[in-house]
Amino acid sequence: MNAHRTTKDRGLRTRRAVGLVVMSAVVPGSAQYVAGQRRVGRLAMRVWAGTWLLVLLLALGLFLLRGPTMALLLNGGVIAALKLGAWAFFTGWALLLLDAWRLARPTRLPRAAKLSLTVACLVLLSTAGFSTSVAANALTAADNLSLVLRGGGDSRDNAGRYNVLLLGVDAASERVGIRPDSINVASVDVKTGRTVVFGLPRNLQGAPFPADSPLHSLYPDGFRCEDDACMLNGVFTLGEEHADLYPGEDAGLAATREVVSELLGLDINYHAMVDMAGFEALIDAMGGITVNVARDVPIGGGGSPVSGYVKAGEGVHLDGHDALWLARSRHGSSDYERMARQKCVMSAMAKQLDPSVVATRFVELSEAGRNVVTTDVGAGHVAELTDLALRAKSLDLQTVDFAPPLILTAEPDLPLIRSTVARSIAASETLDKEQPETVPADSASPQISSPSADAMEPEESADVAGTPSSTSASTEDDAGTPDDESAVESSDAPPICSVG
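Residues numbered from 1 in each chain as written. Predicted model: local features only at pLDDT ≥ 70, side-chain atom pairs only at ≥ 80, totals over all residues. Heavy atoms only, no water.

A. Molecular detail of the overall build of the protein chain. Of regular secondary structure, the protein chain possesses 15 helices and 13 strands. The buried share of the protein chain, taken over its 500 residues, is 45%. Long-range contacts, defined as pairs at least 24 residues apart, comprise 68% of the intrachain contacts of the protein chain with a sequence gap of at least 6. As displayed, the protein chain offers around 24,600 Å² of accessible surface, 58% of which is attributable to carbon and sulfur atoms. (Helix = DSSP H or I, 4+ residues; strand = E, 2+ residues; numbered from the N terminus. Buried < 20%, exposed > 50% of the residue type's maximum accessible area, 1.4 Å probe, protein only. Contact = heavy atoms within 4.5 Å. Areas by Shrake-Rupley, 256 points an atom, 1.4 Å probe, with all protein chains shown as cover.)

Here you go:
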């Protein structure tokens, strides 16, 4: 009889002990409340309920008011408070769990039950600690992102599009001023994410300042000099030299933005400026990129010896160092080929940044991005732009390079540039229509394509197919100027770099 009672008591004590630990793990404070520590238990349960209420409100905010909620969550002060709160919550939860283990009186339990209960508590503590560490790392990544997303751009769409100025700069210490080596504008459809990238050569002369620009009076006929040294990539330095004309602004960036907007006839919503010196770290953080390379591309050259080559091949996987040189190498190639290689690398990054990579390397990506990218995209708009970027991953990235023979960089045909931009966008938008309208023969869709080595590669007109097929370029007459913007000639040269 006594043996039976003893066995029954042991069973009750075991069940009570397990119950206390489980209660504390699921609802912190409940074990203390049941065990008689009412004040501590009540306070802990209120904190627990408040935490879940906060999570619920944030979830509803992300669903109903995503922009403002993202702006709140990407505020540096809020991030710091959340990180501190996460560790404080874990510490309190851990202490309550250990106290529940104490209240369970493990010394009075059978040896097997005591060991199992202790191991279970340690596993719970380890799991919660790891989860809190992951959450803290996510908040660190969010903090890094908040340092980049400082806002200031225009979140209003322009005729259903967002136009983003993309600048690649080499801000090395030995260079005087900043001269963008890569100047592109990505025009993104706000509904579909379909994107056309317009590439401008850095050596384009006569870039016009809009009439309301502070620099228009100095260069009423465009940015020109007698020695032909006034090129598009020098507008940034020019703006910095006249910073007094742009009070409270980044003068170099503002001047470049004005000129590019005037050239293309597009209102710029945002800019993103990438320091090529830190570009390597960003690609390494995403695990490299894979591209097709048509011929060997030198590593080095210019002021330094060629130290090697990015080897030609199909499906070549590149780390940050080699991808950087694929994008920036000048040795033995033209600026226009270089423009095409840069777009190829950009396209590979956009296509190959897998969600699983973001999930596993978010801290490294955010740290690299913080050191590489500056932008005026605001935290409240980043969610919408991210959605558009995800949609764009499944679509072909179309490009237009304003390079010879389409234009002459010394004497660019400015009306031709603007009309090509307008028709390229119209052709891109036609691709998303269920029943594309027939385009009249005298206003055929412009040349838009994947990056090519020398000039843009056109798509067929929207009334034919609406998908990239042929390779062609505007012809030139004997004087070296385009004789007919609709005339084309075939070019069999494969692109130096492409994304498979």
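This is not the end of the story, as more comes after the structure.
B. Region of the structure containing the state of the cysteines. Under the definition given, this model contains two disulfides. Note on cysteine connectivity: C344 is disulfide-linked to C497, with sulfurs 2.0 Å apart. Disulfide C344 to C497: torsion about the S-S bond roughly -60 degrees, handedness left-handed. Of the two residues, C344 is situated in helix α11 (residues 335-352) and C497 in strand β13 (residues 497-498); the sequence distance between them amounts to 153 residues. Exposure remark for C497: the relative accessible area of 2% places this residue in the buried category. For the protein chain, the disulfide bridges join cysteines in the arrangement 1-2, 3-4, where the cysteines are counted in sequence order. (Disulfide = S-S within 2.5 Å.)

C. Main features of a nonpolar patch on the surface. On the surface, a cluster of nonpolar side chains totalling about 780 Å² of accessible area is made up of L53, L56, L57, L60, F63, L64 and L65. In this structure, L56 sits in helix α3 (residues 38-64). (Patch = residues over 30% accessible without salt bridge, like charges linked within 9 Å, V, L, I, M, F, W, Y side chains within 5 Å. Salt bridge = Lys/Arg side-chain N within 4 Å of Asp/Glu carboxyl O.)

D. Highlighting a positive patch on the surface. Judged by side-chain charge, R38, R39, R42 and R46 come together as a positively charged surface patch. Structurally, R39 can be placed in helix α3. On the accessibility criterion, R39 (74% relative accessible area) is exposed. (Lys, Arg positive; Asp, Glu negative; His and termini not counted. Charge placed at Lys NZ, Arg CZ, Asp CG, Glu CD.)

E. Focus on the pairing of strand β6 (residues 297-301). Of all five residues in β6, five are buried; the element is thus mostly enclosed. One ladder, built from four bridges, connects β6 with strand β7 (residues 304-310); its direction is antiparallel. Residue pairing in the sheet places G301 in a bridge with S304 of β7. What sits between β6 and β7 in their antiparallel hairpin is a turn of two residues, with G302 showing a positive phi close to 70 degrees. (Pairing = 2+ DSSP bridges.)

F. Representation of the sheet that holds strand β1 (residues 161-169). If you walk across this open sheet you meet the six strands as β9-β4-β1-β2-β3-β10, and the pairing is mixed. Among the strands making up the open sheet, the edge pair consists of β9 (373-375) and β10 (398-401). Taken pair by pair, the neighbouring strands of this sheet meet at an average axis angle of 20 degrees, ignoring direction. Here strand β4 (residues 270-275) pairs with β9 via three bridges, running antiparallel. Each bridged residue has a counterpart across the sheet, and for M273 the counterpart in β9 is T374. Along the sheet, helix α14 (residues 382-392) makes contact with β1, β2 (180-189), β3 (195-200) and β4, crossing β1 at roughly 85 degrees. (Axes fitted to C-alpha atoms, helices over the stretch in contact; angles between N-to-C directions.)

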